[in-house]
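Notes for the structure review
This is what each chain is made of:
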Protein chains: 2
Amino acid sequence: MTDRRQFRDLASPAEAREAIGSLDLTPDPEAVPLDDARGRVLAERIDAALDVPGFDRASVDGYAVRARDTFGADEADPVVLDRIGTVHAGSEPDVEVREGTCAEISTGAVLPPGADAVVMVERTDDTEAGIAIRTSVAPGDRVMVAGADVAAGSRALGPGTLLTPREIGLLSALGVDEVPVRGTPTVGIVSTGDELVRPGGDLHSEAGQIYDVNSYTIAAGVEEAGGEAVLYPHAGDDYDEMERLLVEAADECDLVLSSGSTSASAVDVIYRVIESEGELLLHGVSVKPGKPMLVGRLEDSAYVGLPGYPVSALTIFRTFVAPAIRAAAGLPEPRTATVEGRMAVQERYSEGRTRLMPAGLIEAGGETLVYPVDKGSGATTSLVEADGVVEVDADTDYLAEGETVTVQLFSPDVRAPTLLGVGEDDPALSRLLDGLERPRYLDVGSRQGRRRLRDGVPDVAVVSGPSDRDVDAVDLGGWTREWGLVVPGGNPRDVTGLSDLVDRDLRFVNRSTDSGLRASLDAALDDLAADRDVTARDLADAVDGYDLTVKGFESPARKVLGGAADAGLGLRATADALDCGFVPLGTESVRVLAPPDRTDKPSVAALGRAIDTALDDAVSDLSGFDG
Amino acid sequence: MTDRRQFRDLASPAEAREAIGSLDLTPDPEAVPLDDARGRVLAERIDAALDVPGFDRASVDGYAVRARDTFGADEADPVVLDRIGTVHAGSEPDVEVREGTCAEISTGAVLPPGADAVVMVERTDDTEAGIAIRTSVAPGDRVMVAGADVAAGSRALGPGTLLTPREIGLLSALGVDEVPVRGTPTVGIVSTGDELVRPGGDLHSEAGQIYDVNSYTIAAGVEEAGGEAVLYPHAGDDYDEMERLLVEAADECDLVLSSGSTSASAVDVIYRVIESEGELLLHGVSVKPGKPMLVGRLEDSAYVGLPGYPVSALTIFRTFVAPAIRAAAGLPEPRTATVEGRMAVQERYSEGRTRLMPAGLIEAGGETLVYPVDKGSGATTSLVEADGVVEVDADTDYLAEGETVTVQLFSPDVRAPTLLGVGEDDPALSRLLDGLERPRYLDVGSRQGRRRLRDGVPDVAVVSGPSDRDVDAVDLGGWTREWGLVVPGGNPRDVTGLSDLVDRDLRFVNRSTDSGLRASLDAALDDLAADRDVTARDLADAVDGYDLTVKGFESPARKVLGGAADAGLGLRATADALDCGFVPLGTESVRVLAPPDRTDKPSVAALGRAIDTALDDAVSDLSGFDG
């Protein structure tokens, strides 16, 4: 642990943007086939090389005439002309319209020589004497003259134009089938760190392995920003291998991103490679998260080192790198990249550097509310529990409740969830959520759920188990669930109830105190303590593993399945789903509560209806729903 | 022209939506690799199959300790522990932390057996006696316990979730490398009409051929809506060939779109194919444009027949078909699909059916203004001169100036132009526009330019030539251009001036009266008439082709180049660019005018600066700029 770098001279965010802006990652323009051109950006102006239409064109089905022949014609007194032939769309006229004659013509067909107007078929009659024209027309009527749509030589599309379907349409009309477009910046992604395994690979948790989150996340971000991502094979912390990969990426790409390891030794290796094969422009930015960001050149390519934690990496990528990729691709900042909202709660801050605060969105009362999401930068769940980040200046002490802030969304495609729920986790709830559009649910447990409901942020809280605190809320309905001890299939240790945990040598796994299940367990333990005339704490101390708490509703059962425990606190539904045995201890009611001012919100109403529907179906269901 | 279908029983737009909604174009779900999953939609819920992290994990670099060993330690009175080994990230601990000992540990490494907390390295000293711990810690400090981020069994992502980079991140963390997603609806596009040629093919204008605009435009629209477009070879108006292609497309695709021909006979053929191989649900919708829309089933596929004109086709596609494709793909309506704005002018309407009015956008005075763009549905330029359509109810007589309307953009990627210019076309202007971001310029000529400027819609009007009408505007600068007669290279007919057009047998091509060049020509003709003491009309009548007007500034020169005329009205710059001869008749000043209330608009100011810069560079330029 020698040579550990300290970030003494941190650059400001503005300096970091400037350093990245000074790098050249713009690829050469290229020509692409028209059917691949959507979403690309024109590299140069397109002038029309031909007239559109290329000929005087009938705008309607009817008869091509000499306008002067129709002079004076009207419904009462038609002019009769000799029909001398027909001109179809897509064929060259083989007739000439002379005085007193006309030619049948289809929409889009070439106006035959001699004719200077078209009479629409609805104003004519095909009579024995000839074609009766029941209206008079002027020269040019119902004719689109050559070049009237687009004149050859005129400016069609300017450089920098983003090609959407309509521009593809205009280019089609001009016959352009190879389109000169800005090149796509190629971005090489090198992930480092001995502990990383690509998704799909075998994970050895006991050896501290984790799945590599950043490579695919950043690759998706690169492509969203208009770049082409190139993933390089995973490098460990080995200097030679990392150097070889970084240099290979620099040879092949306009920009190289390294990402992955949070270990100081890996950062040291990257330093040395950049310093020997390129130039380090800055190391360390005065921003939270993202302090350990690197910017430099690697051979002829641009280089940015992203922080290791996924939320930090995506935040820094989105804030500093994606704009540079878009600029190199010629793409504008997406219109949906940010949203404005008002802070739902106060948020204090004073660290003396810019903060990119992860924030979630919620729509309530016709406006967008913003709440901070701070689970620590190591939590990947922050990725989906936040919608973006709020940039808070270094000299801002706090954001006031109600203050308007701008959220830089993680992606232009991110949209605020329709429903924010908090509280207990439960398999029946999970099925209910499946029926809603874009819900967000934070399984913070019943106790936290009640607290957050009081804070006024979420739309609903899902709570279970006993509580000594009331909350002002409307009960949308709920269901009961059977809880107890999940044991191995067949119940090999013959567990019969709570007393066994206290009295016998059984390894137990508990849930945290936030969980409603835990509150139910503690209530049962209180009852047992009263029966035995001891304190509940005495009993708890006698349970091996009472303080061993795990997070998810399935987690104790999975510990049991893995052989790490003889019994775990859980639901009958879980025991059934995982083919475990189950020792029932009681039932508890799960309630879905909404603040009175949110019950009209469509998603809240939809959840209420979903509970009612589930109640109707409950006969065939393990859980007992009660609206 | 027998069997011409009349659209007697037109469906309402709501009935059309319902008919399309009744078709099943939802493909089966599929599994895609994680690195192809961005932009796709989850087909089913993803529950976490593992804990994240999968082990108790050090959150910082430091020392793994037993918390109770640090009790009472502080800066003044550190506790010294024996360093018994090191645990690196990505490797299995080979030490156990017992009383009085500690293990060096890296961020992300597995907490070794016996340890229950980590002390960050900054609060320690490596001394000769051992590791001095200068702080006391509690169990769990600086440790992320297994499952703390994501607990196995918990709900990770719901069905219907659009996968953006952050969801890719969470799936990565869970090790998911094959993602169950909604299928991509395949949409076959069959273009019909004998007159159509695919872009890039040879075009025979004399035979009435035009480039096929709809195929690539609609294909781009399909892909933007989340479908996969399949283009079928172009079918003429031949029944057997069209039937074969439609049936092939129906076999291979979830939805078949036909598009292209506006001819009634082609529509008849399609009718017969749909009626024999499927079912026609509706023919004709009471909407302008788009009346001839067809909806039905073709074998097991859905079928929609789009109108032939490109603007009509894209409008109907965007209004009725794209939502069905998005629904089948599980994608939400993009947030940027519509914008609100206020009508810049009044627009009357009374046709008794819903109108999808093409409309352009302009940003002015901090708000979005909307103006109708009606060039007739046959004009492909409406595609890029409008930004979308406003749906106007059948019973609406007019939209009032200032009324708020919703514009359904042609694409979610469409953005309002930064500058709307109107007026004269000019090669120097075209170069100036190249330097601006997203300008829109309508070459309507000087006369129309002045008129529209008075109407208050555009940001600038570019005018040249004499005018008897003044307009209240700020002159941003301009340049002079030399005009005269463009003749074949070498001037074979030895044209010397305007008199030759009057007195000799020369074929001339003029510009329309909207053009400033034409005004300059007419002024010169007035002078010549005064000299000769005749009327200008007398002289005009003597010029062969005086009334033969063409649209673009290069168009007369191109007629001359093509041998259709001996002289054309044009610019020296055009003659030089096309290697023609040139007979100068005068110079005229091109002025760029802005309404007084728009001069501060950034794009207008930028255009003013661009003129000034061009003035500075004018020494090396053909045109004489004068700011």
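Residues numbered from 1 in each chain as written. Chains lettered and ligands numbered in written order. Predicted model: local features only at pLDDT ≥ 70, side-chain atom pairs only at ≥ 80, totals over all residues. Heavy atoms only, no water.

Moving on, we get to the relation of the copies chain B and chain A. Placing chain B over chain A gives an RMSD of 0.1 Å and needs a rotation angle of 180 degrees, together with 0.0 Å of translation along the axis. What the rotation and shift describe, once combined, is the action of a two-fold rotation axis. No C-alpha of chain B approaches the rotation axis more nearly than that of Thr336 of chain B, which lies at 3.5 Å. Comparing interface residues between copies, 98% of those in chain B also sit at the interface in chain A, which points to an isologous, same-surface contact. (Least-squares fit on C-alpha atoms with pLDDT ≥ 70 in both. Contact = heavy atoms within 4.5 Å.)

Turning our eyes to something else, we now look at the interface of chain B and chain A. Of the residues lining the interface, 112 residues belong to chain B; the matching set on chain A comes to 110 residues. Sorting the residues of chain B by area buried against chain A places Arg166, Arg335 and Arg415 of chain B first, and these three jointly supply 9% of that buried surface. The tally of links between chain B and chain A comes to six salt bridges. Applying the counting rule to chain B against chain A returns 35 residue pairs in polar contact (both at pLDDT 80 or more). Elements with a minimum of two residues in the side of chain B that touches chain A: β6 (101–105), β11 (155–157), α2 (165–173), β15 (210–211), α3 (214–224), α7 (382–385), α8 (427–434) and α13 (555–561) of chain B. If you tally residues by element for the side of chain B that touches chain A, the top one is α2 of chain B, at eight residues. Here the side of chain B that touches chain A is built from residues that sort into 50 nonpolar, 28 polar and 34 charged. (Buried area = accessible area lost by both parts, 1.4 Å probe. Salt bridge = Lys/Arg side-chain N within 4 Å of Asp/Glu carboxyl O. Polar contact = N/O pair within 3.5 Å; in protein donor to acceptor, adjacent residues only side chain to side chain. Helix = DSSP H or I, 4+ residues; strand = E, 2+ residues; numbered from the N terminus. Nonpolar A, V, L, I, M, F, W, Y, C, P; charged D, E, K, R; others polar.)

Before going further, it helps to examine the environment of Gln209 of chain B. Note that Gln209 of chain B resides in the loop between β14 (196–197) and β15. On the basis of relative accessible area, Gln209 of chain B is assigned to the buried category, the value being 17%. The spacing of Gln209 of chain B and Asp194 of chain B is 15 residues in sequence and 8.0 Å in space, taken between C-alpha atoms. Filtering out sequence-adjacent residues up to four positions away, Gln209 of chain B remains in contact with Phe55 of chain A together with Glu195, Val197, Asp202, Leu203 and His204 of chain B. A polar side-chain atom of Gln209 of chain B sits 2.8 Å from the main-chain amide nitrogen of His204 of chain B. (Buried < 20%, exposed > 50% of the residue type's maximum accessible area, 1.4 Å probe, protein only.)

Let us look at the pairing of strand β21 (residues 301–305) of chain B. All names here are of chain B. In terms of burial, β21 is a largely internal element, five of the five residues being buried. A two-sided burial pattern is seen for β21, the buried positions comprising Ser301, Tyr303 and Gly305 on one face and Ala302 and Val304 on the other. As defined by bridge partners, strand β17 (residues 255–259) adjoins β21 across four bridges and the pair is classed as parallel. Residue Leu257 lies in a different strand from β21, and its bridge partner there is Val304. Two elements, strand β20 (residues 294–298) and β21, share five bridges in a ladder whose sense is antiparallel. Paired with Arg297 across the bridge in β21 is Ala302. (Pairing = 2+ DSSP bridges.)

The periodicity of an α-helix, 3.6 residues per turn, causes residues three or four places apart in sequence to face the same way. Residue and element names in this part refer to chain B. For α2, the tally of buried residues reaches nine of nine residues, placing the bulk of the element in the interior. Among all positions of α2, only Pro165, Arg166, Glu167, Ile168, Gly169, Leu170, Leu171, Ser172 and Ala173 are buried. Just downstream of α2 lies Gly175, where phi reads positive at about 75 degrees.

Time to look at the side chain of Thr186 of chain B. With respect to the secondary-structure elements, Thr186 of chain B resides in strand β13 (residues 186–191). Contacts of Thr186 of chain B, omitting those with residues within four sequence positions, involve Glu228, Glu252, Cys253, Asp254 and Leu255 of chain B.

Further remarks concern the sheet that holds strand β20 (residues 294–298) of chain A. Residues and elements named next belong to chain A. With mixed pairing, the six strands of this open sheet are ordered in space as β16-β13-β17-β21-β20-β18. Edge positions in the open sheet fall to β16 (228–231) and β18 (278–283), since each of these has one partner strand only. On average, adjacent strands in this sheet sit at an angle of 20 degrees to one another, irrespective of strand direction. In terms of strand pairing, β18 meets β20 through five bridges, oriented antiparallel. (Axes fitted to C-alpha atoms, helices over the stretch in contact; angles between N-to-C directions.)

Mapped onto the elements, Val392 of chain B comes out in strand β26 (residues 388–392). Discounting chain neighbours no more than four positions away, the residues touching Val392 of chain B are Tyr349, Arg353, Thr354, Arg355, Met357 and Leu399 of chain B.

This next bit is on the confidence of the model for chain A. All names here are of chain A. Across chain A, pLDDT averages 91, with 96% of residues at or above 70. Note that residues 1–7 has pLDDT below 50 and, in this model, 16 contacts with residues that lie over four places away or in other chains. Here the predicted complex scores 0.91 on pTM and 0.92 on ipTM. (pLDDT = per-residue confidence, 0-100.)

Residue and element names in this part refer to chain B. The strand order β7-β4-β6-β5-β9-β8 describes an open sheet built from six strands, whose pairing is mixed. Every interior strand has two partners, whereas the edge strands, β7 (117–120) and β8 (124–127), have only one. For this sheet, the mean angle separating the axes of adjacent strands, direction not counted, is 40 degrees.

Another point: a negative patch on the surface. A cluster of acidic residues, Asp35 and Asp36 of chain A together with Glu223 and Glu228 of chain B, forms a negative patch on the protein surface. Examined against the element boundaries, Asp36 of chain A turns out to sit in the loop between β1 (30–33) and β2 (46–47). (Patch = residues over 30% accessible without salt bridge, like charges linked within 9 Å, V, L, I, M, F, W, Y side chains within 5 Å. Areas by Shrake-Rupley, 256 points an atom, 1.4 Å probe, with all protein chains shown as cover. Lys, Arg positive; Asp, Glu negative; His and termini not counted. Charge placed at Lys NZ, Arg CZ, Asp CG, Glu CD.)

Before going further, it helps to spend a moment on the side chain of Ser301 of chain B. All names here are of chain B. Inspection of the secondary structure puts Ser301 in strand β21. Of the residues examined, Ser301 reaches a relative accessible area of 4% and is grouped as buried. One polar contact links the side chain of Ser301 to the main-chain carbonyl oxygen of Ala250, over a distance of 2.7 Å. A polar contact is formed between the side chain of Ser301 and the backbone oxygen of Cys253, at a distance of 2.6 Å.

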